[in-house]
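The chain contents come next:
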Amino acid sequence: MDALELLSGDAQTFLYKVWASQVHVHHARAADLVRLLSLDDVDHLLTGSGLRTPALRLAQDGDVLPPSRFTRTATLAGSAMTGLVDARKVLDLFDAGATVVLQGLHRYWPALTDLVRDLELALGHPCQANAYLTPPGSQGFALHSDSHDVFVFQTHGAKTWEVHDPSGVREVLMEPGTSMYLPTGTPHAARTQDSPSLHVTVGINQVTWRQVLTRTVASLLDEPQHDTALPAGHLADTGELSTELSARLRALADRIAALDPDSVAAGEVQRFLTGRPTAVRGGLRDRLRVRLLDDRTALRRRPHAPCVLVPAGERLRLLLGDRELRVPAYLHEPLEHVRTHRELRPADLAPWLDPESRRVLTRRLVVEGLLEVVE
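Residues numbered from 1 in each chain as written. Predicted model: local features only at pLDDT ≥ 70, side-chain atom pairs only at ≥ 80, totals over all residues. Heavy atoms only, no water.

**So, unusual backbone geometry**
Move 1: The omega angle of the peptide bond from threonine 53 to proline 54 is 5 degrees, so this bond is cis rather than trans.
Move 2: With respect to the helices and strands, proline 54 occurs in the loop between helix H4 (39–48) and strand E2 (56–60).
Move 3: A positive phi angle, close to 50 degrees, is found at aspartate 61, a residue other than glycine.
Move 4: By the secondary structure assignment, aspartate 61 is in the loop between E2 and strand E3 (63–64).
Move 5: Unlike most non-glycine residues, alanine 77 shows phi in positive territory, near 55 degrees.
Move 6: Within the secondary structure, alanine 77 sits in the loop between strand E4 (71–76) and strand E5 (79–85).
Move 7: On the basis of relative accessibility, which here comes to 82%, the residue alanine 77 falls in the exposed class. (Helix = DSSP H or I, 4+ residues; strand = E, 2+ residues; numbered from the N terminus. Buried < 20%, exposed > 50% of the residue type's maximum accessible area, 1.4 Å probe, protein only.)

Shown next as C-alpha cells:
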C-alpha cells in the first residue's frame with residue numbers, strides 16, 4: 001500500500017484538501033502501520049544497536065532528562081566514545097515513567113526511510129521521523145505545539161491526545177492503525193492509560209515562499225558592490241545616504257523584475273532534488289555485481305529514488321535526489337526509457353546505444369544508485 005494511503009487513507013485527499021488548517025484522523029489496517037516500527041523493533045534499537053545521543057532522548061513530566069542519566073563512555077581502538085546509550089539505565093528510567101524518544105529514525109530505520117522519501121517526493125518538502133515510547137499512566141510532554149506539520153501514527157498500545165483546533169478542544173484515542181494529521185501550531189498533549197504506547201511522528205518541514213524569496217533576493221545581493229561601506233557622516237546628514245539608497249533600491253527592483261520565474265523555479269527543484277540524504281541500501285552488493293554486468297543482467301529502478309531529466313543545451317542534467325549528473329544530451333531517450341520503466345536490461349537500450357555504450361551507461365547508473373542489480 002502507498003505510504004500516503006497508510007497515513008491519510010487517500011493520497012489525493014491529503015495532498016490537495018487535508019493539508020490545510022485542520023486536524024484529520026484516519027483509521028487503517030493496524031498491521032500496515034505496525035510493520036513500519038513495532039515494539040520489538042524499538043526493543044532491538046534500545047538494547048542491541050549501539051545508539052548514541054542525540055539519536056535518543058528521554059522526557060518525563062514535561063522535562064527533557066540530561067543525557068548523563070542514561071549514557072556512558074567507552075573506548076574503541078584507543079579512541080574515546082561518548083554519548084553511548086546505556087540500555088539498562090534507559091529501561092530503568094522507562095519503568096520510572098520516562099518517555100523514550102527515538103530521533104531521526106528516517107536516517108537509519110529502513111521502513112521509515114522509505115516512507116519519508118516517498119512523502120518528500122510527493123510533497124516537495126523535507127520530512128523527518130521520530131518515535132515516542134511512553135510507559136503506562138505517563139505523559140512525556142506538556143501541552144505544546146510544533147513549528148511544522150505532523151503526521152502521527154500509533155503502532156502499539158493506546159494514547160489519548162488532547163488536541164486544540166479551531167473548532168475547540170477534542171480528545172482523540174490513538175490505537176494501532178490510527179493516524180492523525182496536525183497542522184503547524186496545533187496545541188496538543190498526550191497521555192497513556194493502562195498500557196504502554198508507541199507512536200511515530202512524521203514532521204513536514206515546509207518550504208515557504210519567504211524562504212524562496214529570501215534565497216532569490218540574497219543571490220542578487222551577493223555581489224561586491226553591496227559590500228562597500230556607508231558614507232562617513234551619514235548619521236548627521238541622511239541626505240547622501242537617502243540618495244544612494246534610493247538608487248540602489250531602484251537597481252535591485254530592476255534586477256528582481258528581470259528575473260526569469262521559470263529559471264528560479266527550476267533552481268528550487270534542483271536544490272531539493274540534489275540535497276536529499278543518500279539512500280543506497282544494498283549498494284555494496286551492487287558494486288560487486290556490477291562488475292559482471294552484461295546485456296542480459298536484470299536491473300530495476302531503486303525504490304524511492306527520484307529521476308528527473310533537465311535538458312541543458314548539449315548536456316542533460318540528471319537529478320537523482322542527493323546529486324546531479326551531467327551527461328551528453330544524446331542520452332535523453334535511453335535515460336527516458338530508464339526513468340519510465342521499473343525493470344529493464346541493458347539490451348533494452350539497443351534502439352539508442354551500441355552494446356558497449358549501454359553497458360557503460362547502466363553500470364554508471366548502478367554506481368550512482370539509480371539502478372540496482374536484481375539478484
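**Quick word on the sheet that holds strand E14 (residues 299–301)**
Move 1: Strand order in this open sheet of three strands is E18-E14-E19, and the pairing throughout is antiparallel. The outermost strands of the open sheet, each flanked by one partner alone, are strand E18 (343–344) and strand E19 (371–373).
Move 2: The pairing of E14 with E19 spans three bridges and is classified as antiparallel. Across the sheet, the residue bridging to arginine 300 is glutamate 372, located in E19.
Move 3: Relative to E19, helix H12 (residues 355–367) is tilted by about 95 degrees, and along the sheet it contacts E14 and E19. (Pairing = 2+ DSSP bridges. Contact = heavy atoms within 4.5 Å. Axes fitted to C-alpha atoms, helices over the stretch in contact; angles between N-to-C directions.)

**A short note on the sheet that holds strand E13 (residues 197–204)**
Move 1: The eight strands lie next to each other as E1-E11-E8-E13-E7-E6-E2-E3, forming an open sheet whose pairing is antiparallel. Unpaired on one side and paired on the other, strand E1 (24–27) and E3 mark the two borders of the sheet.
Move 2: Judged from the seven bridges that link them, strand E8 (residues 149–156) and E13 form a sheet pairing that is antiparallel. Looking at E13, one finds that valine 152 is bridged to threonine 201.
Move 3: Each of E2, strand E6 (99–102), strand E7 (127–134), E8 and E13 touches H4; the most contacted strand, E6, lies at about 80 degrees to it.

**Concerning helix H9 (residues 261–272)**
Move 1: Between its first and last C-alpha, H9 extends 17 Å over 12 residues, near the 16 Å set by a 1.5 Å rise per residue.
Move 2: Among the residues of H9, the N-terminal cap falls to aspartate 260, whose side-chain oxygen and the backbone nitrogen of aspartate 262 are separated by 3.1 Å. (Expected span 1.5 Å × (residues − 1). Polar contact = N/O pair within 3.5 Å; in protein donor to acceptor, adjacent residues only side chain to side chain.)

**Let's talk about the pattern of salt bridges**
Move 1: Taken as a whole, this structure holds 21 salt bridges when the rule is applied.
Move 2: Residue aspartate 286 is joined to arginine 289 by a salt bridge in which the shortest nitrogen-to-oxygen separation is 4.0 Å. Within this pair, aspartate 286 and its partner arginine 289 are both found in helix H10 (residues 283–289), separated by three residues, close to a single helical turn.
Move 3: Overall, aspartate 286 belongs to the buried group, its relative accessible area being 2%.
Move 4: Linking arginine 300 and glutamate 372 is a salt bridge whose minimum nitrogen-to-oxygen distance equals 2.8 Å. (Salt bridge = Lys/Arg side-chain N within 4 Å of Asp/Glu carboxyl O.)

**Examining helix H7 (residues 209–221)**
Move 1: For H7, spanning 13 residues, the distance from its first C-alpha to its last is 18 Å, which sits close to the expected 18 Å at 1.5 Å a residue.
Move 2: Within H7, the full set of buried residues consists of Val212, Thr216 and Leu220. Along H7, the residues classed as buried sweep out an arc of 75 degrees about the axis, all on the same side.
Move 3: Taken together, the buried residues of H7 touch helix H8 (238–257) and H9. (Arc of directions from axis to C-beta.)

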